[in-house]
Protein chains: 2
Amino acid sequence: MMNSSEELSLPQKLSKDIISYILEENLQPGDKLPNETIISEKLNAGRSSVREAMKLLASRNIVKIRQGSGTYVASKPGMVEDPLGLTFIGDKKKLVHDLLQVRALLEPSIAAMAATNADDNDIRRIRKLCEEIEVLVKENKDHTQKDIEFHTAIALSSKNVVVPRLIPVINSSIPLFVETTGNTLLKETIETHREITEAIAAHDAMRAQDAMYLHIVYNRKTIAINEEKEND
Amino acid sequence: MMNSSEELSLPQKLSKDIISYILEENLQPGDKLPNETIISEKLNAGRSSVREAMKLLASRNIVKIRQGSGTYVASKPGMVEDPLGLTFIGDKKKLVHDLLQVRALLEPSIAAMAATNADDNDIRRIRKLCEEIEVLVKENKDHTQKDIEFHTAIALSSKNVVVPRLIPVINSSIPLFVETTGNTLLKETIETHREITEAIAAHDAMRAQDAMYLHIVYNRKTIAINEEKEND
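Residues numbered from 1 in each chain as written. Chains lettered and ligands numbered in written order. Predicted model: local features only at pLDDT ≥ 70, side-chain atom pairs only at ≥ 80, totals over all residues. Heavy atoms only, no water.

A closer look at the pattern of salt bridges
Residue and element names in this part refer to chain A. Inspection of every chain in the model, using the stated rule, returns 32 salt bridges over all chains. Note that R103 and E107 form a salt bridge whose closest N and O atoms lie 2.5 Å from each other. Taken together, the positions of R103 and E107, both in helix α4 (residues 92-117) and 4 residues apart, correspond to about one turn of that helix. What makes R103 buried here is its relative accessible area of 3%. Looking at E107, the relative accessible area reads 3%, which means it is buried. (Salt bridge = Lys/Arg side-chain N within 4 Å of Asp/Glu carboxyl O. Helix = DSSP H or I, 4+ residues; strand = E, 2+ residues; numbered from the N terminus. Buried < 20%, exposed > 50% of the residue type's maximum accessible area, 1.4 Å probe, protein only.)

See the structure below:
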(Lines give C-alpha, C1' and ligand atoms only; values in the text may rest on other atoms or scores of the structure.)
Protein backbone atom coordinates (compact mmCIF):
# COMPACT_ATOMS: atom_id res chain seq x y z
CA MET A 1 0.00 0.00 0.00
CA MET A 2 2.71 2.44 0.97
CA ASN A 3 5.58 3.89 -0.98
CA SER A 4 8.90 2.88 0.52
CA SER A 5 10.80 5.98 1.59
CA GLU A 6 13.26 5.97 -1.34
CA GLU A 7 10.35 6.43 -3.77
CA LEU A 8 9.08 9.58 -2.05
CA SER A 9 9.29 12.91 -3.86
CA LEU A 10 10.75 15.92 -2.03
CA PRO A 11 7.31 17.43 -1.25
CA GLN A 12 6.18 14.02 0.08
CA LYS A 13 9.24 13.83 2.35
CA LEU A 14 8.63 17.40 3.52
CA SER A 15 4.97 16.62 4.24
CA LYS A 16 6.13 13.84 6.59
CA ASP A 17 8.50 16.31 8.29
CA ILE A 18 5.65 18.78 8.73
CA ILE A 19 3.47 16.05 10.30
CA SER A 20 6.32 15.31 12.74
CA TYR A 21 6.55 19.03 13.50
CA ILE A 22 2.78 19.23 14.23
CA LEU A 23 3.05 16.24 16.58
CA GLU A 24 6.26 17.39 18.31
CA GLU A 25 4.91 20.89 18.90
CA ASN A 26 1.59 19.31 19.97
CA LEU A 27 -0.34 21.67 17.66
CA GLN A 28 -4.10 21.24 18.05
CA PRO A 29 -6.96 21.46 15.50
CA GLY A 30 -7.33 25.11 14.49
CA ASP A 31 -3.78 26.10 15.55
CA LYS A 32 -1.84 28.19 13.03
CA LEU A 33 1.38 26.83 11.55
CA PRO A 34 4.45 29.09 11.19
CA ASN A 35 4.62 30.85 7.83
CA GLU A 36 6.32 29.40 4.74
CA THR A 37 9.59 31.25 5.29
CA ILE A 38 10.00 29.94 8.83
CA ILE A 39 9.06 26.36 7.85
CA SER A 40 11.47 26.51 4.89
CA GLU A 41 14.28 27.49 7.24
CA LYS A 42 13.38 24.87 9.85
CA LEU A 43 13.26 22.08 7.28
CA ASN A 44 16.12 23.45 5.20
CA ALA A 45 14.03 23.33 2.00
CA GLY A 46 12.93 25.69 -0.76
CA ARG A 47 9.71 27.64 -0.35
CA SER A 48 8.10 26.18 -3.46
CA SER A 49 8.70 22.63 -2.20
CA VAL A 50 7.19 23.57 1.17
CA ARG A 51 4.18 25.05 -0.68
CA GLU A 52 3.78 21.76 -2.60
CA ALA A 53 4.03 19.79 0.64
CA MET A 54 1.32 21.95 2.24
CA LYS A 55 -0.98 21.27 -0.73
CA LEU A 56 -0.45 17.52 -0.24
CA LEU A 57 -1.28 17.87 3.46
CA ALA A 58 -4.37 19.94 2.62
CA SER A 59 -5.59 17.22 0.23
CA ARG A 60 -5.24 14.69 3.08
CA ASN A 61 -7.18 17.08 5.34
CA ILE A 62 -4.25 17.45 7.72
CA VAL A 63 -3.94 21.21 7.25
CA LYS A 64 -6.33 23.86 5.98
CA ILE A 65 -4.88 26.65 3.79
CA ARG A 66 -6.79 29.94 4.15
CA GLN A 67 -5.86 32.39 1.40
CA GLY A 68 -4.46 35.62 2.85
CA SER A 69 -4.58 34.25 6.40
CA GLY A 70 -2.25 31.30 6.71
CA THR A 71 -2.15 27.54 7.20
CA TYR A 72 -3.93 25.86 10.10
CA VAL A 73 -4.21 22.35 11.54
CA ALA A 74 -7.48 20.89 10.21
CA SER A 75 -10.42 20.30 12.54
CA LYS A 76 -10.21 16.50 12.29
CA PRO A 77 -6.64 16.14 11.03
CA GLY A 78 -6.02 13.20 8.73
CA MET A 79 -9.67 12.22 8.29
CA VAL A 80 -10.46 12.22 4.58
CA GLU A 81 -13.73 11.56 2.81
CA ASP A 82 -14.14 7.81 2.28
CA PRO A 83 -10.94 6.97 4.20
CA LEU A 84 -11.07 3.28 3.32
CA GLY A 85 -11.55 3.89 -0.42
CA LEU A 86 -14.88 1.99 -0.48
CA THR A 87 -15.88 4.08 -3.52
CA PHE A 88 -13.49 1.90 -5.50
CA ILE A 89 -15.04 -1.46 -4.58
CA GLY A 90 -16.90 -2.35 -7.75
CA ASP A 91 -19.46 -4.91 -6.58
CA LYS A 92 -21.96 -2.68 -4.73
CA LYS A 93 -24.25 -5.56 -3.73
CA LYS A 94 -21.39 -7.37 -2.00
CA LEU A 95 -20.23 -4.08 -0.49
CA VAL A 96 -23.67 -3.45 1.09
CA HIS A 97 -23.73 -7.01 2.42
CA ASP A 98 -20.18 -6.91 3.79
CA LEU A 99 -20.64 -3.46 5.31
CA LEU A 100 -23.72 -4.69 7.18
CA GLN A 101 -21.67 -7.65 8.42
CA VAL A 102 -19.07 -5.21 9.80
CA ARG A 103 -21.79 -2.93 11.22
CA ALA A 104 -23.27 -5.96 13.02
CA LEU A 105 -19.88 -6.56 14.67
CA LEU A 106 -19.39 -2.96 15.73
CA GLU A 107 -22.62 -1.05 16.23
CA PRO A 108 -24.44 -3.10 18.91
CA SER A 109 -21.40 -2.81 21.21
CA ILE A 110 -21.02 0.88 20.34
CA ALA A 111 -24.66 1.41 21.34
CA ALA A 112 -23.93 -0.36 24.65
CA MET A 113 -20.88 1.87 25.20
CA ALA A 114 -23.04 4.92 24.41
CA ALA A 115 -25.66 3.80 26.96
CA THR A 116 -22.93 3.52 29.59
CA ASN A 117 -21.13 6.78 28.77
CA ALA A 118 -23.62 9.23 27.22
CA ASP A 119 -24.04 12.49 29.15
CA ASP A 120 -27.18 14.65 29.16
CA ASN A 121 -26.06 16.63 26.10
CA ASP A 122 -25.43 13.43 24.13
CA ILE A 123 -28.87 12.10 25.04
CA ARG A 124 -30.55 15.38 24.07
CA ARG A 125 -28.79 15.33 20.68
CA ILE A 126 -29.63 11.66 19.98
CA ARG A 127 -33.28 12.20 20.98
CA LYS A 128 -33.59 15.32 18.80
CA LEU A 129 -32.20 13.46 15.76
CA CYS A 130 -34.52 10.51 16.41
CA GLU A 131 -37.51 12.88 16.37
CA GLU A 132 -36.33 14.72 13.26
CA ILE A 133 -35.98 11.43 11.37
CA GLU A 134 -39.51 10.47 12.41
CA VAL A 135 -40.91 13.74 11.02
CA LEU A 136 -39.02 13.30 7.73
CA VAL A 137 -40.19 9.70 7.34
CA LYS A 138 -43.82 10.67 8.00
CA GLU A 139 -43.59 13.51 5.47
CA ASN A 140 -42.10 11.03 3.00
CA LYS A 141 -38.86 13.03 2.76
CA ASP A 142 -35.30 11.74 2.45
CA HIS A 143 -33.84 11.07 5.91
CA THR A 144 -30.39 9.80 4.83
CA GLN A 145 -28.43 12.75 6.20
CA LYS A 146 -30.21 12.74 9.57
CA ASP A 147 -29.81 8.96 9.78
CA ILE A 148 -26.04 9.38 9.40
CA GLU A 149 -26.06 12.10 12.09
CA PHE A 150 -28.05 9.79 14.42
CA HIS A 151 -25.49 6.97 14.19
CA THR A 152 -22.65 9.52 14.44
CA ALA A 153 -24.11 10.99 17.65
CA ILE A 154 -24.27 7.48 19.17
CA ALA A 155 -20.65 6.74 18.18
CA LEU A 156 -19.48 10.04 19.73
CA SER A 157 -21.34 9.15 22.95
CA SER A 158 -19.28 5.97 23.31
CA LYS A 159 -16.31 8.15 24.42
CA ASN A 160 -13.96 5.72 22.66
CA VAL A 161 -11.49 7.83 20.61
CA VAL A 162 -11.28 5.34 17.73
CA VAL A 163 -15.01 4.74 17.28
CA PRO A 164 -15.84 8.24 15.94
CA ARG A 165 -13.05 7.70 13.40
CA LEU A 166 -14.86 4.58 12.22
CA ILE A 167 -18.12 6.52 11.75
CA PRO A 168 -17.43 7.17 8.05
CA VAL A 169 -17.27 3.41 7.48
CA ILE A 170 -20.57 2.91 9.21
CA ASN A 171 -22.13 5.96 7.61
CA SER A 172 -21.02 5.17 4.10
CA SER A 173 -23.38 2.20 4.06
CA ILE A 174 -26.47 4.28 4.80
CA PRO A 175 -26.90 6.06 1.43
CA LEU A 176 -25.98 2.80 -0.33
CA PHE A 177 -28.52 0.99 1.79
CA VAL A 178 -31.32 3.51 1.19
CA GLU A 179 -30.51 3.24 -2.52
CA THR A 180 -30.54 -0.56 -2.46
CA THR A 181 -33.78 -0.98 -0.53
CA GLY A 182 -35.60 1.97 -2.07
CA ASN A 183 -36.31 3.32 1.42
CA THR A 184 -38.88 0.60 2.28
CA LEU A 185 -37.85 0.16 5.89
CA LEU A 186 -39.73 3.07 7.34
CA LYS A 187 -41.88 1.67 10.16
CA GLU A 188 -39.03 -0.49 11.47
CA THR A 189 -36.61 2.44 11.24
CA ILE A 190 -38.84 4.60 13.43
CA GLU A 191 -39.47 1.86 15.99
CA THR A 192 -35.90 0.58 16.30
CA HIS A 193 -34.43 4.11 16.39
CA ARG A 194 -36.85 4.98 19.21
CA GLU A 195 -35.92 1.85 21.15
CA ILE A 196 -32.17 2.57 20.71
CA THR A 197 -32.70 6.17 21.87
CA GLU A 198 -34.70 5.24 24.97
CA ALA A 199 -32.24 2.50 25.94
CA ILE A 200 -29.30 4.95 25.74
CA ALA A 201 -31.31 7.59 27.66
CA ALA A 202 -31.99 4.98 30.38
CA HIS A 203 -28.24 4.06 30.44
CA ASP A 204 -29.31 0.45 29.80
CA ALA A 205 -26.34 -1.04 27.92
CA MET A 206 -27.81 -4.48 27.20
CA ARG A 207 -31.11 -3.03 25.94
CA ALA A 208 -29.22 -0.58 23.68
CA GLN A 209 -27.08 -3.42 22.32
CA ASP A 210 -30.13 -5.58 21.58
CA ALA A 211 -32.01 -2.69 19.98
CA MET A 212 -29.10 -1.85 17.67
CA TYR A 213 -28.65 -5.50 16.77
CA LEU A 214 -32.35 -5.72 15.87
CA HIS A 215 -31.99 -2.56 13.73
CA ILE A 216 -29.20 -4.16 11.71
CA VAL A 217 -31.04 -7.48 11.43
CA TYR A 218 -34.08 -5.62 9.95
CA ASN A 219 -31.76 -3.94 7.46
CA ARG A 220 -30.29 -7.28 6.46
CA LYS A 221 -33.68 -8.93 6.06
CA THR A 222 -34.98 -6.09 3.90
CA ILE A 223 -31.98 -6.40 1.61
CA ALA A 224 -32.50 -10.16 1.34
CA ILE A 225 -36.21 -9.65 0.46
CA ASN A 226 -35.35 -7.00 -2.15
CA GLU A 227 -32.75 -9.28 -3.72
CA GLU A 228 -35.27 -12.10 -3.96
CA LYS A 229 -37.74 -9.75 -5.68
CA GLU A 230 -35.05 -8.74 -8.19
CA ASN A 231 -34.32 -12.38 -8.93
CA ASP A 232 -38.00 -13.19 -9.58
CA MET B 1 -15.15 16.90 8.15
CA MET B 2 -15.79 17.71 4.53
CA ASN B 3 -15.53 20.90 2.57
CA SER B 4 -18.87 21.90 1.18
CA SER B 5 -18.67 22.00 -2.60
CA GLU B 6 -18.59 25.78 -2.93
CA GLU B 7 -15.29 25.87 -1.00
CA LEU B 8 -13.50 23.50 -3.39
CA SER B 9 -10.60 24.81 -5.47
CA LEU B 10 -10.54 24.06 -9.21
CA PRO B 11 -8.01 21.19 -8.87
CA GLN B 12 -10.16 19.71 -6.07
CA LYS B 13 -13.24 19.85 -8.30
CA LEU B 14 -11.28 18.29 -11.17
CA SER B 15 -10.00 15.52 -8.89
CA LYS B 16 -13.63 14.61 -8.13
CA ASP B 17 -14.37 14.56 -11.87
CA ILE B 18 -11.40 12.27 -12.47
CA ILE B 19 -12.64 9.90 -9.71
CA SER B 20 -16.05 9.81 -11.47
CA TYR B 21 -14.28 9.08 -14.75
CA ILE B 22 -12.32 6.16 -13.19
CA LEU B 23 -15.57 4.72 -11.80
CA GLU B 24 -17.64 5.26 -14.97
CA GLU B 25 -14.99 3.69 -17.19
CA ASN B 26 -14.58 0.93 -14.59
CA LEU B 27 -10.78 1.36 -14.62
CA GLN B 28 -9.04 -1.23 -12.45
CA PRO B 29 -5.89 -1.03 -10.26
CA GLY B 30 -2.89 -0.74 -12.58
CA ASP B 31 -4.91 0.58 -15.55
CA LYS B 32 -3.42 3.59 -17.34
CA LEU B 33 -5.37 6.85 -17.46
CA PRO B 34 -5.60 8.85 -20.72
CA ASN B 35 -2.85 11.46 -21.05
CA GLU B 36 -3.13 15.03 -19.74
CA THR B 37 -4.19 16.49 -23.08
CA ILE B 38 -7.10 14.08 -23.48
CA ILE B 39 -8.24 14.52 -19.85
CA SER B 40 -8.01 18.33 -20.22
CA GLU B 41 -10.28 18.18 -23.27
CA LYS B 42 -12.73 15.75 -21.65
CA LEU B 43 -13.06 17.88 -18.50
CA ASN B 44 -12.80 21.17 -20.37
CA ALA B 45 -9.98 22.40 -18.12
CA GLY B 46 -6.42 23.72 -18.43
CA ARG B 47 -3.55 21.25 -18.41
CA SER B 48 -1.88 22.80 -15.35
CA SER B 49 -5.11 22.43 -13.34
CA VAL B 50 -5.36 18.80 -14.44
CA ARG B 51 -1.75 18.27 -13.37
CA GLU B 52 -2.55 19.76 -9.94
CA ALA B 53 -5.62 17.52 -9.66
CA MET B 54 -3.52 14.44 -10.45
CA LYS B 55 -1.05 15.38 -7.71
CA LEU B 56 -3.94 15.61 -5.23
CA LEU B 57 -5.16 12.16 -6.33
CA ALA B 58 -1.62 10.76 -6.03
CA SER B 59 -1.35 12.07 -2.46
CA ARG B 60 -4.60 10.23 -1.64
CA ASN B 61 -3.16 7.09 -3.27
CA ILE B 62 -5.90 7.03 -5.90
CA VAL B 63 -3.50 7.32 -8.84
CA LYS B 64 0.20 6.64 -9.21
CA ILE B 65 2.21 9.05 -11.40
CA ARG B 66 5.18 7.35 -13.09
CA GLN B 67 7.60 9.90 -14.56
CA GLY B 68 8.02 9.39 -18.30
CA SER B 69 5.40 6.64 -18.42
CA GLY B 70 2.02 8.06 -17.42
CA THR B 71 -0.61 8.01 -14.70
CA TYR B 72 -2.12 4.75 -13.44
CA VAL B 73 -4.89 3.72 -11.04
CA ALA B 74 -3.19 2.83 -7.71
CA SER B 75 -3.04 -0.78 -6.52
CA LYS B 76 -5.42 -0.17 -3.59
CA PRO B 77 -7.04 3.05 -4.75
CA GLY B 78 -8.08 5.45 -2.01
CA MET B 79 -6.33 3.60 0.82
CA VAL B 80 -3.92 6.04 2.44
CA GLU B 81 -1.46 5.47 5.26
CA ASP B 82 -3.27 5.90 8.60
CA PRO B 83 -6.66 6.44 6.93
CA LEU B 84 -8.41 7.33 10.18
CA GLY B 85 -5.80 9.90 11.21
CA LEU B 86 -4.99 8.05 14.45
CA THR B 87 -1.52 9.66 14.38
CA PHE B 88 -3.23 12.83 15.49
CA ILE B 89 -4.88 11.42 18.62
CA GLY B 90 -2.67 12.87 21.35
CA ASP B 91 -3.37 10.53 24.30
CA LYS B 92 -1.50 7.39 23.23
CA LYS B 93 -2.42 5.42 26.36
CA LYS B 94 -6.14 5.95 25.70
CA LEU B 95 -5.59 5.24 22.00
CA VAL B 96 -3.99 1.83 22.77
CA HIS B 97 -6.84 1.01 25.16
CA ASP B 98 -9.60 2.12 22.76
CA LEU B 99 -7.99 0.37 19.78
CA LEU B 100 -7.90 -2.89 21.73
CA GLN B 101 -11.58 -2.36 22.57
CA VAL B 102 -12.34 -2.04 18.83
CA ARG B 103 -10.07 -5.00 17.98
CA ALA B 104 -12.00 -7.10 20.53
CA LEU B 105 -15.23 -6.24 18.68
CA LEU B 106 -13.85 -7.06 15.25
CA GLU B 107 -11.03 -9.60 15.25
CA PRO B 108 -12.61 -12.65 16.93
CA SER B 109 -15.43 -12.59 14.34
CA ILE B 110 -12.94 -11.95 11.54
CA ALA B 111 -10.99 -15.03 12.68
CA ALA B 112 -14.24 -17.04 12.59
CA MET B 113 -14.97 -15.75 9.07
CA ALA B 114 -11.40 -16.70 8.06
CA ALA B 115 -11.87 -20.24 9.46
CA THR B 116 -15.02 -20.56 7.36
CA ASN B 117 -13.67 -19.06 4.14
CA ALA B 118 -9.88 -19.58 4.03
CA ASP B 119 -8.63 -21.61 1.06
CA ASP B 120 -5.45 -23.69 0.98
CA ASN B 121 -3.30 -20.75 -0.14
CA ASP B 122 -4.61 -18.59 2.70
CA ILE B 123 -3.87 -21.31 5.24
CA ARG B 124 -0.35 -21.81 3.86
CA ARG B 125 0.32 -18.07 4.12
CA ILE B 126 -1.03 -17.79 7.68
CA ARG B 127 0.94 -20.84 8.83
CA LYS B 128 4.17 -19.55 7.25
CA LEU B 129 3.78 -16.18 9.00
CA CYS B 130 2.99 -17.89 12.30
CA GLU B 131 6.24 -19.88 12.03
CA GLU B 132 8.30 -16.85 11.00
CA ILE B 133 7.06 -14.90 14.03
CA GLU B 134 8.01 -17.82 16.29
CA VAL B 135 11.57 -17.83 14.92
CA LEU B 136 11.91 -14.06 15.36
CA VAL B 137 10.60 -14.19 18.93
CA LYS B 138 12.98 -17.02 19.85
CA GLU B 139 15.92 -15.09 18.34
CA ASN B 140 14.79 -12.06 20.34
CA LYS B 141 14.26 -10.03 17.16
CA ASP B 142 11.50 -7.50 16.42
CA HIS B 143 8.42 -9.26 15.03
CA THR B 144 6.18 -6.21 14.59
CA GLN B 145 6.12 -6.29 10.79
CA LYS B 146 5.40 -10.04 10.59
CA ASP B 147 2.73 -9.69 13.29
CA ILE B 148 0.96 -7.09 11.13
CA GLU B 149 1.24 -9.42 8.10
CA PHE B 150 -0.22 -12.31 10.16
CA HIS B 151 -3.33 -10.34 11.13
CA THR B 152 -3.58 -8.97 7.58
CA ALA B 153 -3.52 -12.50 6.11
CA ILE B 154 -6.36 -13.51 8.43
CA ALA B 155 -8.43 -10.47 7.46
CA LEU B 156 -7.92 -11.22 3.76
CA SER B 157 -9.04 -14.82 4.34
CA SER B 158 -12.40 -13.59 5.65
CA LYS B 159 -13.39 -12.80 2.01
CA ASN B 160 -15.34 -9.79 3.30
CA VAL B 161 -14.42 -6.82 1.04
CA VAL B 162 -14.58 -4.24 3.84
CA VAL B 163 -12.51 -6.15 6.42
CA PRO B 164 -9.16 -5.88 4.56
CA ARG B 165 -9.83 -2.13 4.36
CA LEU B 166 -10.06 -2.08 8.15
CA ILE B 167 -6.69 -3.84 8.50
CA PRO B 168 -4.79 -0.54 8.85
CA VAL B 169 -6.91 0.26 11.90
CA ILE B 170 -6.15 -3.11 13.39
CA ASN B 171 -2.50 -3.02 12.40
CA SER B 172 -1.81 0.47 13.61
CA SER B 173 -2.24 -0.74 17.19
CA ILE B 174 0.48 -3.39 16.90
CA PRO B 175 3.60 -1.14 16.86
CA LEU B 176 1.97 1.07 19.52
CA PHE B 177 1.26 -2.01 21.57
CA VAL B 178 4.76 -3.45 21.25
CA GLU B 179 6.04 -0.01 22.28
CA THR B 180 3.70 0.17 25.28
CA THR B 181 4.36 -3.32 26.61
CA GLY B 182 8.07 -3.43 25.76
CA ASN B 183 7.50 -6.71 23.91
CA THR B 184 6.89 -8.76 27.07
CA LEU B 185 4.11 -10.93 25.68
CA LEU B 186 6.26 -13.44 23.87
CA LYS B 187 5.21 -16.87 25.17
CA GLU B 188 1.50 -15.99 24.95
CA THR B 189 1.99 -14.55 21.45
CA ILE B 190 3.50 -17.81 20.20
CA GLU B 191 0.85 -19.99 21.81
CA THR B 192 -2.21 -17.94 20.86
CA HIS B 193 -0.95 -17.37 17.29
CA ARG B 194 -0.48 -21.13 16.94
CA GLU B 195 -3.96 -21.85 18.28
CA ILE B 196 -5.51 -19.24 15.89
CA THR B 197 -3.58 -20.75 12.96
CA GLU B 198 -4.59 -24.33 13.71
CA ALA B 199 -8.25 -23.38 14.24
CA ILE B 200 -8.37 -21.60 10.84
CA ALA B 201 -6.58 -24.52 9.19
CA ALA B 202 -9.20 -26.89 10.68
CA HIS B 203 -12.01 -24.57 9.44
CA ASP B 204 -13.26 -24.45 13.04
CA ALA B 205 -14.93 -21.04 13.30
CA MET B 206 -15.81 -21.11 16.99
CA ARG B 207 -12.32 -22.27 18.00
CA ALA B 208 -10.74 -19.53 15.85
CA GLN B 209 -13.03 -16.93 17.41
CA ASP B 210 -12.17 -18.06 20.96
CA ALA B 211 -8.44 -18.18 20.18
CA MET B 212 -8.45 -14.64 18.79
CA TYR B 213 -10.48 -13.38 21.72
CA LEU B 214 -7.94 -14.92 24.12
CA HIS B 215 -5.10 -13.29 22.16
CA ILE B 216 -6.68 -9.86 22.64
CA VAL B 217 -7.48 -10.52 26.31
CA TYR B 218 -3.80 -11.37 26.90
CA ASN B 219 -2.82 -8.12 25.21
CA ARG B 220 -5.22 -6.16 27.40
CA LYS B 221 -4.01 -7.80 30.60
CA THR B 222 -0.37 -7.12 29.77
CA ILE B 223 -1.15 -3.47 29.20
CA ALA B 224 -3.01 -3.27 32.51
CA ILE B 225 -0.06 -4.91 34.35
CA ASN B 226 2.44 -2.54 32.70
CA GLU B 227 0.32 0.46 33.63
CA GLU B 228 0.23 -0.69 37.27
CA LYS B 229 4.01 -1.01 37.27
CA GLU B 230 4.36 2.53 35.90
CA ASN B 231 2.09 3.85 38.64
CA ASP B 232 4.15 2.17 41.42
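Quick notes on the packing of helix α2 (residues 36-43) of chain A against helix α3 (residues 47-59) of chain A
The description of two packed helices rests on the angle between their axes and on the distance between the axes. Residues and elements named next belong to chain A. Two elements in contact, α2 and α3, have axes separated by 9 Å at closest approach and are oriented at 105°. Between α2 and α3, the angle is such that the two are roughly perpendicular. When α2 is examined against α3, the residues E36, T37, I39 and S40 are found in contact with a partner set consisting of R47, V50, R51 and M54. A class-by-class count of the residues in the contact of α2 with α3 yields 3 nonpolar, 2 polar and 3 charged. (Axes fitted to C-alpha atoms, helices over the stretch in contact; angles between N-to-C directions. Parallel < 35°, antiparallel > 145°, perpendicular 65-115°, else oblique. Contact = heavy atoms within 4.5 Å. Nonpolar A, V, L, I, M, F, W, Y, C, P; charged D, E, K, R; others polar.)

Observations concerning the interface of chain A and chain B
Tallying the contact residues gives 47 residues for chain A and 47 residues for chain B. For the pair chain A and chain B, the summed buried area comes to about 4500 Å², and 68% of that belongs to carbon and sulfur atoms. Linking chain A with chain B are 2 salt bridges, by the criterion used here. Of the charged contacts, one joins E52 of chain B and K55 of chain A as a salt bridge, the two residues approaching to 3.6 Å between their closest N and O atoms. For the pair chain A and chain B, the interface holds 9 residue pairs in polar contact (both at pLDDT 80 or more). (Buried area = accessible area lost by both parts, 1.4 Å probe. Polar contact = N/O pair within 3.5 Å; in protein donor to acceptor, adjacent residues only side chain to side chain.)

Digging into the relation of the copies chain A and chain B
Here chain A sits on chain B after a turn of 180° about the axis and a move of 0.0 Å along it, with an RMSD of 0.1 Å. Those values place the two copies in the arrangement expected of a two-fold rotation axis. Minimal C-alpha distance to the rotation axis in chain A is attained by P83 of chain A, lying at 2.6 Å. In this assembly, 100% of the residues forming the interface of chain A have copies in chain B that are likewise at the interface, indicating an isologous arrangement. (Least-squares fit on C-alpha atoms with pLDDT ≥ 70 in both.)

Regarding the side chain of H215 of chain A
Inspection of the secondary structure puts H215 of chain A in helix α9 (residues 205-231). Every residue in contact with H215 of chain A, bar those within four places of it in the chain, is listed here: R103, H151, T192, H193 and I196 of chain A.

As for the environment of D120 of chain A
By the element assignment, D120 of chain A lies in helix α5 (residues 120-138). Distance in space between the C-alpha atoms of D120 of chain A and K146 of chain A is 20 Å, their sequence separation being 26 residues.

Description of α2 of chain A
You can read the cap of α2 of chain A off the contacts: a side-chain oxygen lies 3.1 Å from the backbone nitrogen of T37 of chain A, and it is on N35 of chain A. Directly after α2 of chain A, the chain includes N44 of chain A, whose backbone phi takes a positive value near 60°.

Looking at the packing of helix α1 (residues 10-24) of chain B against helix α3 (residues 47-59) of chain B
Residue and element names in this part refer to chain B. Orientation of α1 relative to α3, taken along the N-to-C sense of each, is 70°, at an axis distance of 8 Å. It follows that α1 is roughly perpendicular to α3 by the angle criterion. Relative to α3, the crossing made by α1 is right-handed. Within the contact between the two elements, α1 uses L10, P11, Q12, L14, S15, I18 and I19 and α3 uses S49, V50, E52, A53, M54, L56 and L57. Partitioning the contact of α1 with α3 into residue classes produces 10 nonpolar, 3 polar and 1 charged. (Left-handed = near helix turned anticlockwise from the far one by under 90°.)

Focus: α9 of chain A
Owing to its 3.6 residues per turn, the α-helix brings residues three or four apart onto one side. The end-to-end C-alpha distance of α9 of chain A is 39 Å, a good match for the 39 Å that 27 residues give at a rise of 1.5 Å each. When α9 of chain A is considered as a whole, its buried residues turn out to be A208, A211, M212, H215, I216, N219, T222, I223 and N226 of chain A. (Expected span 1.5 Å × (residues − 1).)

Some details on the packing of aromatic side chains
Using the criterion set out here, one finds 0 aromatic pairs over all chains in the structure. Here the basic side chain of R66 of chain A rests over the ring of Y72 of chain A, its NZ or CZ set 4.3 Å away from the ring centre. (Phe/Tyr/Trp six-rings, centres within 6.5 Å; stacked < 30°, edge-to-face > 60°. Lys NZ or Arg CZ within 6 Å of the ring centre and 35° of its normal.)

Points about unusual backbone geometry
All names here are of chain A. At N26, a position not held by glycine, the phi torsion is positive, near 55°. Mapped onto the elements, N26 comes out in the loop between α1 (10-24) and α2. Since its relative accessible area comes to 51%, N26 is described here as exposed.

Quick look at the pairing of strand β1 (residues 63-66) of chain B
Residue and element names in this part refer to chain B. For β1 and strand β2 (residues 70-73), the ladder comprises 4 bridges, and the chain directions are antiparallel. Paired with I65 across the two strands is T71, which belongs to β2. Linking β1 back to β2 in an antiparallel pair, the connection comprises 3 residues, with G68 at a positive phi of about 80°. (Pairing = 2+ DSSP bridges.)

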